[in-house]
Amino acid sequence: MQDNQSPDQTLGVGAIGKPRRIVVVSDLHVGSQLALCPPDLDTERDHPLHRYRMWMWDGWETFVATVLADPTPFVLVVNGDVIEGHHHGKTQLIGGISGLIAQFRAACLVVKMLSEHAHTCYMIEGTWCHVLDDEAQIADEVGGFTRTPDNAWAWPRLKLTMNGLVHEFRHHVAATSRPWLEANQLGMSLASSRLQSLNAGERPTDVLVAAHRHVGGYVKTTSGMAVVTPSWQLPTRHVFKVVPDARPVIGGGVLQYGNKPMGAFPEPQLFEHRPEPDKGVSHD
């Protein structure tokens with residue numbers, strides 16, 4: 001990488017023999033009672049939420065195994081909010097790893113399960129109240145991650161070219177409590193990204209990949225594709241306050257190029273895991 005590259009300089013990784021898929025995980029929120037936690041570090045095994053964490057860990061191991069079962073080299077993008085951090089009164093944290101240092105160490109173990117097998121790794125900045133600067137430190141500690149042109153470990157925004165298409169990775173995207181408008185929001189975000197890119201004299205975004213809203217999905221329009229990955233955290237009390245109708249879905253995403261011709265859009269694959277449906281309580 002040249003020293004004079006801008007933070008949005010596209011990175012060409014689409015040549016023959018290079019990766020043909022992009023694995024994206026986001027919103028791990030390690031440290032939350034309702035998110036991923038390596039079983040050996042889970043100190044609250046008697047807590048009612050422990051069974052949900054075990055279910056999530058089984059889903060994580062299944063996702064990792066699915067990714068690694070395909071021998072195609074992949075780029076890994078960790079798209080923000082790797083730890084839960086201290087926010088909203090420091091509530092719903094696992095007691096044994098409630099401290100930031102403990103969350104940091106646990107998150108490193110989680111991320112390494114994918115990063116040590118990736119061709120190239122990128123860490124994207126998440127939400128400040130969750131992560132502070134810990135994502136950059138996690139990327140540094142885990143190793144194998146690519147620095148920004150400014151020599152930072154976490155990218156505010158990454159523009160990466162694969163198969164001739166410009167991918168923009170960023171953590172934040174607008175959310176909605178109205179599920180019938182989820183696709184609209186993705187289309188609007190894609191259009192905004194393309195317009196802002198053009199205004200800045202950049203190649204317009206072809207594939208926008210975001211996170212943050214914890215609701216996975218993707219749309220393909222006449223001008224491009226937008227993808228949002230699911231989270232690895234079940235709805236917290238804060239989420240239920242903001243989106244009271246939320247239902248838990250965890251998972252990750254893969255943008256698969258395989259043998260597609262140059263310029264063709266990827267096959268988006270969202271690996272989603274849902275718990276058993278809530279059957280409610282019957283007094284019949």
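See the structure printed just above.
Below is a summary of the structure that appears in this document.

Reading the values: the criteria
Residues numbered from 1 in each chain as written. Predicted model: local features only at pLDDT ≥ 70, side-chain atom pairs only at ≥ 80, totals over all residues. Heavy atoms only, no water. Helix = DSSP H or I, 4+ residues; strand = E, 2+ residues; numbered from the N terminus. Buried < 20%, exposed > 50% of the residue type's maximum accessible area, 1.4 Å probe, protein only. Areas by Shrake-Rupley, 256 points an atom, 1.4 Å probe, with all protein chains shown as cover. 1 Å grid on protein atoms, 1.4 Å probe; cavity = no way out; pocket = protein on both sides within 12 Å on 5 of 7 lines; lining within 4 Å. Points joined across faces, edges and corners; volume = space filled by probe spheres on them. Nonpolar A, V, L, I, M, F, W, Y, C, P; charged D, E, K, R; others polar. Arc of directions from axis to C-beta. Pairing = 2+ DSSP bridges. Salt bridge = Lys/Arg side-chain N within 4 Å of Asp/Glu carboxyl O. Expected span 1.5 Å × (residues − 1). Contact = heavy atoms within 4.5 Å. Core = buried A, V, L, I, M, F, W, Y, C linked by side-chain atoms within 4.5 Å.

Another aspect to go through is the overall build of the protein. Summing up its helical and strand segments, the protein has six helices and twelve strands in all. Here the protein holds 284 residues, and 50% of them are scored as buried. Carbon and sulfur atoms make up 52% of the accessible area of the protein, which amounts to about 13600 Å² in all.

It is worth spelling out the layout of surface pockets at this point. The computed volume of the second largest pocket comes to approximately 460 Å³. Considering the residues around the second largest pocket, the lining is formed by 16 residues, among which Tyr52, Pro248, Pro275, Glu276 and Asp278 are closest to the centre. Here the residues of the lining of the second largest pocket sort into eleven nonpolar, no polar and five charged.

Residue Asp81 is not a glycine yet carries a positive backbone phi of 55°. Its place among the elements puts Asp81 in the loop between strand E3 (74-79) and helix H2 (100-115).

A few words now on helix H4 (residues 134-142). Inspection of H4 places Asp134, Glu135, Ile138, Ala139 and Val142 among the buried residues, and these make up the whole buried set. Down the axis of H4, the smallest arc covering the buried residues is 145°, so these residues share one side. Positive backbone phi, at 85°, marks Gly143, one or two positions downstream of H4.

Across the sheet, six strands lie side by side as E5-E4-E3-E2-E11-E12; this open sheet has mixed pairing. At either end of the open sheet lies a strand with only one pairing partner, and these are strand E5 (154-155) and strand E12 (267-273). Here five bridges tie strand E2 (residues 21-25) to E3, and the two strands are oriented parallel to one another. Residue Arg21 lies in a different strand from E3, and its bridge partner there is Phe74.

Applying the stated criterion to the full structure yields five salt bridges. Among the salt bridges present, the one from Asp42 reaches Arg53, with a minimum N-O distance of 2.8 Å. Taken together, the residues span a long stretch of sequence, with Asp42 in the loop between E2 and helix H1 (50-69) and Arg53 in helix H1 at a distance of eleven residues. Exposure class is identical for Asp42 and Arg53. Each is buried. Between Asp206 and Arg194 there is a salt bridge whose closest N-O contact spans 3.8 Å. Note that Asp206 is positioned in the loop between helix H5 (182-199) and strand E8 (207-210) and Arg194 in helix H5, a separation of twelve residues in sequence. Take Asp206: its relative accessible area is 13%, and that puts it in the buried class.

This part takes up H1. Since the α-helix turns once every 3.6 residues, residues separated by three or four places project in the same direction. Between its first and last C-alpha atoms H1 spans 28 Å; for 20 residues at 1.5 Å apiece the expected length is 28 Å, and the two agree. Restricting attention to buried positions, one finds in H1 the residues His50, Arg53, Met56, Trp57, Gly59, Trp60, Phe63, Val64 and Val67. Residues of H1 that are buried make contact with E2, E3, H2, strand E11 (250-256) and E12.

One finds Leu28 and Trp60 to be the most contacted residues of the largest nonpolar core, which totals 41 residues. Broken down by secondary-structure element, the contributors of at least two residues to this core are E2, H1, E3, H2, strand E4 (120-124), H4 and E11. Here this core takes seven residues from H2, the largest share from any one element. Non-local contacts of Trp60, meaning those with residues more than four positions away in its chain, are made with Val25, Leu28, Leu36, Val110, Met113, Leu114 and Trp232. Listed in part, the 18 residues of the second largest apolar core include Ile124, Leu160, Val209 and Tyr257.

Before going further, it helps to spend a moment on the side chain of Gln256. Counting through the fold element by element, Gln256 comes out in strand E11. Note on Gln256: relative accessible area 14%, which makes it buried. If near-sequence neighbours (up to four positions away) are discounted, Gln256 is found in contact with Arg20, Arg21, Asp70, Pro266, Glu267 and Gln269.

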